[in-house]
Amino acid sequence: MEDSQKRANWSGHLGFVLAAAASAVGLGNLWRFPASAATYGGGIFLCIYFLLFLTFGVFMMITEIAIGRATRLSAIKAFSSLNGKWAVTGWLGTLVPILILPYYCVIGGWVTEYFFRYLVSPGLPASEGFFSSFTSNTGEVFMMFAVFTIPAFAFIFAGVKRGIETSNSVLMPMLLALTVGIAAFTVTRPGASEGLKYLLVPNFSCLFVDGSFSFSMLSKIVLAAMGQMFFSLSIAMGILITYGSYMPKKSDITRSSLKIGLIDTLVAVLAGLIIIPPAYTYGGEELARTAGIKLMFVSLPQVFSAMPAGHIVAVAFFALCLFAALTSAVSMAETVVASVCDLTKLSRVSATTLTVGYVAIAAVPSAMSIDFLGKTDFVTNSVLMPVCAFLTCIFVGWVAGTEFIRREATAEGVRFRAYPAYRIVMRYFAPLMILLILAACLGLI
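Residues numbered from 1 in each chain as written. Predicted model: local features only at pLDDT ≥ 70, side-chain atom pairs only at ≥ 80, totals over all residues. Heavy atoms only, no water.

A. Summary view of the confidence of the model for the protein chain. Per-residue confidence for the protein chain gives a mean pLDDT of 89, with 98% of residues at or over 70. Least confident of the elements in the protein chain is strand β1 (residues 208-209), whose mean pLDDT is 81; most confident is helix α15 (residues 348-368), at 96. (pLDDT = per-residue confidence, 0-100. Helix = DSSP H or I, 4+ residues; strand = E, 2+ residues; numbered from the N terminus.)

B. Geometry of the environment of serine 366. Relative to the helices and strands, serine 366 is located in helix α15. On the basis of relative accessibility, which here comes to 3%, the residue serine 366 falls in the buried class. For the pair serine 366 and valine 106, spaced 260 residues apart in sequence, the C-alpha separation works out to 7.0 Å. Ignoring sequence-local partners within four residues, the contact set of serine 366 consists of Tyr103, Val106, Phe372 and Leu373. (Buried < 20%, exposed > 50% of the residue type's maximum accessible area, 1.4 Å probe, protein only. Contact = heavy atoms within 4.5 Å.)

C. Just the nonpolar core, in detail. Residues Trp110, Met296, Phe297, Phe317 and Phe318 are the most contacted members of the largest nonpolar core, which totals 157 residues. Take this core: its biggest share by element is 22 residues, from helix α14 (residues 310-344). Ignoring any residue separated from it by four or fewer positions in sequence, one finds tryptophan 110 in contact with Phe131, Phe134, Thr135, Val141, Ile293, Phe297, Ile370 and Leu373. (Core = buried A, V, L, I, M, F, W, Y, C linked by side-chain atoms within 4.5 Å.)

D. Seen up close, the state of the cysteines. Tallied over the entire structure, the rule returns 0 disulfides. Free cysteine: cysteine 105, not disulfide-bonded; nearest cysteine sulfur from cysteine 321 at 16 Å. A disulfide-free cysteine, cysteine 341 has its sulfur positioned 18 Å from the sulfur of cysteine 105, the nearest such atom. Judged by relative accessible area, cysteine 341 falls into the buried class, the value being 17%. (Disulfide = S-S within 2.5 Å.)

E. Representation of the layout of surface pockets within the structure. Of the volumes computed, that of the largest pocket is approximately 1,100 Å³. Lining the largest pocket are 45 residues, and of these Arg32, Gln228, Phe231, Asp377 and Asn381 sit closest to its centre. Of all the elements in the fold, those that place two or more residues in the lining of the largest pocket are α1 (13-24), α2 (27-39), α5 (87-120), α10 (215-232), α13 (292-306), α14, α16 (370-399) and α18 (419-441). For the lining of the largest pocket, the per-class residue count stands at 25 nonpolar, 16 polar and 4 charged. (1 Å grid on protein atoms, 1.4 Å probe; cavity = no way out; pocket = protein on both sides within 12 Å on 5 of 7 lines; lining within 4 Å. Points joined across faces, edges and corners; volume = space filled by probe spheres on them. Nonpolar A, V, L, I, M, F, W, Y, C, P; charged D, E, K, R; others polar.)

Okay, structure coming up:
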């Protein structure tokens, strides 16, 4: 904490919100959210997701941002500076982006490949076996990995204000404009009404089995919404703690968290509008429920090939995916670099160079094996993130105390009206829900 006065700062409230929103808005919004919404009741899923976001999601964001701003450190040192016995929580939170960043850059390379392919050979990405052929060509995968990774780290080398903040002030508006534009196009296509109805109108019949209300089905939807929100908001990844450490004291943490989450949710819902209506029209309900890598790189290209003006939509969609992947990769890279700086006292340039070398080496297994990539993704998202979030809740709720967060959130006279609810959620509701998510991910329930 002795170097807190030398730490970089965002230029203002807008810079922080755009940067944090850029970290939250990623490929998970564009492939996981639509598939989860389609699988778990459409409109019902949206309602439950939004309610959970306004409580658990915002409160977790407030917690992590407040820890970062109070300590002026990245996650790897923030927890140990508050209580040395809880240093493991910071290490786990930092381990998540360290593990995710290499394979995320590999996927970013895939997106880059598809974007350029649609520009020069519109029909090729939808052809039979294109994805498997491309991903088995290790040389081409590495080339696209480099094309994606180099600009991501260029922003990190440039610094917090000149690099990350400047890039997000350009990329985020472009991302939002593309999302709105593509969504407006897809929802006005003939036959889109069924997909729109399914996504936006709550259908309570999905909660009934054989004419009786099913608590089990409701529980599945709640856990799915919770898991998606957890994945989408960059919780338990060290990112919000790191970005919070650059946040000026005069900024309102509560309002910032709400704005970040709303931008992230807006993009996720718009992604649903982009994917679900045309998927219903050209592939049926089952295709709309396709999840993960297969949705983006196999199913959607087939949908685009069947759509009128599908080539244009495909180019715009993969440009959108490229921006989303780039902004998220930048936030994870910054978290790793900041952790290296805090831990070793290396200069920013040296820490960034070291991180680039690590990512290039660590990406090799994922570039060569989708199976390895998938297993790493499972460990980070389904095990490490819930464990880290659970420890954070216990630390704040029962060790450091929620009053610590209240003091930081109300610095400079700012109000924290939701504090009574925050205290209850962080002490009781959040730890229980996280344990349920972890159990569900591990197949224990």
